[in-house]
Amino acid sequence: MRTVYGNKQRFETVYFKKFPGYYVTGDGCRRDEDGYYWITGRIDDMLNVSGHLLSTAEVESALVEHEAVAEAAVVGRPHPVKGESLYCFVTLTDGLTFNRTLEADLKRQVREKIGAIATPDFIQNAPGLPKTRSGIYQSYTELVE
């Protein structure tokens, strides 16, 4: 590792200050009862919805727990009252069709798994989700274009 270009202090703050003596990758994980580690996503991908911080990975996980969803991406969309709202993109399992009933089921799924504050405002069918070379989803603006 070297540094953040031209800003050594930022490099040290971002990667070493949160847990002194340890390097922070920015990825979250949990360890299950069998000792296996499960990668949960980026810890810095947070949305501020009505004053509540929500993890995009948490909402994506709730969506993909539904049998109809093969893959999901969640991004923030500007909202005049909430600050941000959840805009979700889902890729369905082969052979399934996106419709209002499924959309309602997915919203209910997220609400039950996380809570009412996490209910998506928008869910859009996305046959393929664009990603960067590292596999990270693009921003809301790039996804809707």
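Fair warning: this is a prediction, and the values are worked out from it, not measured in the lab.

1. Here's the deal with the overall build of the protein chain
Here is step 1 of the chain: Looking only at helices and strands, one finds four helices and seven strands in the protein chain.
Here is step 2 of the chain: Listing every helix and strand of the protein chain by position from the N terminus yields α-β-β-β-β-α-β-β-α-β-α.
Here is step 3 of the chain: In the protein chain, buried positions account for 31% of the 145 residues.
Here is step 4 of the chain: Sequence-distant contacts in the protein chain: of pairs separated by 6 or more residues, those separated by 24 or more amount to 45%.
Here is step 5 of the chain: Working note: accessible area of the protein chain is about 9900 Å², and carbon and sulfur atoms make up 50% of it.

2. Side note on helix H3 (residues 100-113)
Helical periodicity: at 3.6 residues per turn, an α-helix aligns residues three or four positions apart in one direction.
Here is step 1 of the chain: Relative to the 20 Å expected for 14 residues at 1.5 Å per residue, H3 spans 20 Å between its end C-alpha atoms, a close match to the ideal helical length.
Here is step 2 of the chain: Every buried residue belonging to H3 is among Leu-102, Glu-103, Leu-106, Gln-109 and Val-110, and all of these are buried. Buried residues of H3, viewed axially, fall in a sector of 120°; they line one side. Facing away from the buried side of H3 by over 90 degrees, the exposed positions are Arg-100, Thr-101 and Glu-112.

3. A look at the confidence of the model for the protein chain
Here is step 1 of the chain: Per-residue confidence for the protein chain gives a mean pLDDT of 84; residues scoring 70 or more make up 87%.
Here is step 2 of the chain: Mean pLDDT values over the elements of the protein chain span from 51, in helix H4 (residues 140-144), up to 97, in H3.

4. Brief notes about the side chain of His-66
Here is step 1 of the chain: Its location among the elements puts His-66 in the loop between helix H2 (56-64) and strand S5 (69-79).
Here is step 2 of the chain: Dropping the residues within four chain positions of it, His-66 is found in contact with Leu-102, Asp-105, Leu-106 and Gln-109.

5. A closer look at unusual backbone geometry
Here is step 1 of the chain: Even without a glycine there, the phi angle at Ser-50 is positive, about 50°.
Here is step 2 of the chain: Here Ser-50 lies in the loop between strand S3 (46-49) and strand S4 (52-55).
Here is step 3 of the chain: Here Ser-50 falls in the partly exposed class, since its relative accessible area comes to 39%.

The rules behind each value
Residues numbered from 1 in each chain as written. Predicted model: local features only at pLDDT ≥ 70, side-chain atom pairs only at ≥ 80, totals over all residues. Heavy atoms only, no water. Helix = DSSP H or I, 4+ residues; strand = E, 2+ residues; numbered from the N terminus. Buried < 20%, exposed > 50% of the residue type's maximum accessible area, 1.4 Å probe, protein only. Contact = heavy atoms within 4.5 Å. Areas by Shrake-Rupley, 256 points an atom, 1.4 Å probe, with all protein chains shown as cover. Expected span 1.5 Å × (residues − 1). Arc of directions from axis to C-beta. pLDDT = per-residue confidence, 0-100.

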